[in-house]
Amino acid sequence: MPTTKKKSKKKHGKGSASGSGPGSASAALDADWEVAPTESLRVRAGFDLASFDRGSTPGFTGDKAAGQALVARHADELSELQERLFAEGRSGGSRSVLLVLQGMDTAGKGGIVRHVVGLVDPQGVAHRSFGVPTPEERKHHFLWRIRRALPEPGYIGVFDRSHYEDVLVGRVDALAPPEVLEKRYDEINRFEEKVVASGTTIVKLALLVSYEEQRARLMERLERPDKFWKYNPNDVDSRQKWPAYQEAYQAVLDRTSTETAPWHVVPADRKWFARLAVSELLLDALRRLDLGWPPADFDIEVEKKRLAAT
Ligand code: AMP
Ligand code: MG
């Protein structure tokens, strides 16, 4: 329970109303969600990636305007919960949140960072992107660079790509022997279990763009001068291996969606929906922490008197 009953100075919209403000474990489901995204997007045994519609909006009955309105309506709560988390970290707490973003090129990872993570105070965000391992990183176990990048208490860590690359591109391009690759799924599960046990809530999101939409987005990057910088000829090389990547993603979802750190699949062809889904999943993770405000570690009355005397 929150350590203080003091009412929030910030106003919250309809989404967090009905008696359950920030910090409550389960806020009422907003009307446009028929099934909560924590459920409608959750990867469970038997999930079939090939038949997953990347233009769909699972569980959500509203349109684009409704989706955008909901993100806006939840922005204050998201921001306040992040501040509570940060305050807790500053006051000796050990908890943090880690958003793991995976997806093919153009899936919208950058847009999620800008439009969803961007809703909270950048001071409390620890963002890391993982590219081709450096010579130094290559000398170590694949989890070495990941461990060093884990969020400190109080932070929302964001991984743009992650240790999962080592079983995605690692598998597609056979960057390690089969027996080494094979071991990695269990290594990842054990690693994440420890991370969660140490106080970090892991939110794993697979942003899934369709083959057709990826083509259109890559073409746009070749046609617009303001997008050239995002284009990398390697993107087409990866695209040519699309079926192998889908197979590698299926294996990841089959083998690493655990109770402690489940995967959520986010259809990414409609950017507004992907952003809505991620903001709701992040909000849910923060709500479940049931965050209060740290109590004063000084004598409030004494301090008031001291201040009044100045
Ligand atoms: P981007 O995120 O588009 O800047 O691209 C980063 C590139 O780094 C992608 O092509 C990834 O597949 C690649 N990458 C990330 N992690 C690894 C890894 N562990 N091994 C090999 N390539 C990687
Ligand atoms: Mg790229």
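It should be emphasised that the depicted structure is a prediction, and the values quoted were computed from it without experimental measurement.

## Points about the packing of aromatic side chains
By the definition in use, this model includes 10 aromatic pairs. Taking the centre distance of 4.8 Å and the plane angle of 70° together, the rings of Y164 and W263 count as edge-to-face. Here Y164 is found in the loop between β3 (156-160) and α6 (169-172), whereas its partner W263 is found in strand β5 (residues 263-267), with 99 residues between them in sequence. Neither residue differs from the other here; Y164 and W263 are each classed as buried. The positively charged end of R184 is found above the aromatic ring belonging to F142, 4.8 Å away from the centroid. A cation over a ring is seen here: R239 above Y211, with NZ or CZ 3.8 Å from the ring centre.

## Concerning the pattern of salt bridges
Applying the stated rule across the entire model yields 20 salt bridges. One salt bridge in this structure joins E192 and K204, with 2.7 Å as the shortest N-O distance. With a gap of 12 residues between them, E192 in helix α7 (residues 178-197) and K204 in strand β4 (residues 200-208) connect regions that are remote in the sequence. Each member of the pair, E192 together with K204, is buried. Salt bridges sharing partners connect three or more residues here, namely E220, R224, D226 and K227.

## With respect to the confidence of the model for the protein
With 91% of its residues at a pLDDT of 70 or more, the protein has an overall mean of 92. Of the regions scoring below 50 in pLDDT, residues 1-26 engages in 50 contacts with residues more than four places distant in sequence or in other chains.

## Observations concerning the site of ligand 1
Near ligand 1, the surroundings consist of D105, F130, G131, V132, P133, R145, R161, E165, D166, V169 and L175. Within the side chain of E165, an N or O atom sits 2.9 Å from an oxygen atom of ligand 1. Protein burial of ligand 1: of its 500 Å² of free accessible surface, 71% is covered by the chains. Residue composition of the shell around ligand 1, by class: five nonpolar, one polar and five charged.

## Side note on a positive patch on the surface
A grouping of R147, K183, R190 and K194 is seen on the molecular surface, where their side chains present a positively charged patch. Take the positive patch: its biggest share by element is three residues, from α7. Its location among the elements puts R147 in helix α5 (residues 144-147).

## Quick notes on the environment of E213
One can find E213 in helix α8 (residues 211-223). C-alpha separation for the pair E213 and D269, spaced 56 residues apart in sequence, amounts to 6.4 Å.

## What to know about the UniProt feature "domain: Polyphosphate kinase-2-related" (unreviewed entry) in the protein
Following the UniProt record, one finds the feature "domain: Polyphosphate kinase-2-related" (unreviewed entry) at residues 63-287. In residues 63-287, helix accounts for 53% and strand for 14%; the two terminal C-alpha atoms are 25 Å from one another.

## Remarks on the pairing of β4
With respect to burial, β4 is a largely interior element, nine of its nine residues being buried. Of the two faces of β4, the one holding T200, I202, K204, A206 and L208 and the one holding T201, V203, L205 and L207 are both buried throughout. In this sheet, β4 lies alongside strand β1 (residues 96-103) in parallel orientation, the contact comprising eight bridges. Bridge pairing links L98 to I202 in β4.

## With respect to the side chain of D160
Mapped onto the secondary structure, D160 falls in strand β3. Contact partners of D160, with chain neighbours within four places excluded, come to L101, K109, H127, R128, S129 and F130.

## Let's talk about the sheet that holds β5
Strand order in the open sheet formed by five strands is β2-β3-β1-β4-β5, with parallel pairing between adjacent strands. Where the open sheet ends on each side, the last strands, each with one partner, are β2 (125-129) and β5. Strand-to-strand twist of the sheet, defined as the mean angle between neighbouring strand axes without regard to direction, takes the value 20°. Pairing between β1 and β3: five bridges, direction parallel. Directly across from V100, in β3, lies its bridge partner F159.

## Quick look at unusual backbone geometry
A positive phi angle, close to 75°, is found at T106, a residue other than glycine. When you line up the elements, T106 lands in the loop between β1 and α3 (109-115). When its relative accessible area of 6% is taken as the criterion, T106 is described as buried. One non-glycine residue, R161, adopts positive backbone phi at about 70°. Mapped onto the fold, R161 is located in the loop between β3 and α6.

Cut-offs used in this document
Residues numbered from 1 in each chain as written. Chains lettered and ligands numbered in written order. Predicted model: local features only at pLDDT ≥ 70, side-chain atom pairs only at ≥ 80, totals over all residues. Heavy atoms only, no water. Phe/Tyr/Trp six-rings, centres within 6.5 Å; stacked < 30°, edge-to-face > 60°. Helix = DSSP H or I, 4+ residues; strand = E, 2+ residues; numbered from the N terminus. Buried < 20%, exposed > 50% of the residue type's maximum accessible area, 1.4 Å probe, protein only. Lys NZ or Arg CZ within 6 Å of the ring centre and 35° of its normal. Salt bridge = Lys/Arg side-chain N within 4 Å of Asp/Glu carboxyl O. pLDDT = per-residue confidence, 0-100. Contact = heavy atoms within 4.5 Å. Near = heavy atom within 4 Å. Polar contact = N/O pair within 3.5 Å; in protein donor to acceptor, adjacent residues only side chain to side chain. Areas by Shrake-Rupley, 256 points an atom, 1.4 Å probe, with all protein chains shown as cover. Nonpolar A, V, L, I, M, F, W, Y, C, P; charged D, E, K, R; others polar. Patch = residues over 30% accessible without salt bridge, like charges linked within 9 Å, V, L, I, M, F, W, Y side chains within 5 Å. Lys, Arg positive; Asp, Glu negative; His and termini not counted. Charge placed at Lys NZ, Arg CZ, Asp CG, Glu CD. UniProt positions renumbered as here; feature names shortened; annotations may be inferred. Pairing = 2+ DSSP bridges. Axes fitted to C-alpha atoms, helices over the stretch in contact; angles between N-to-C directions.

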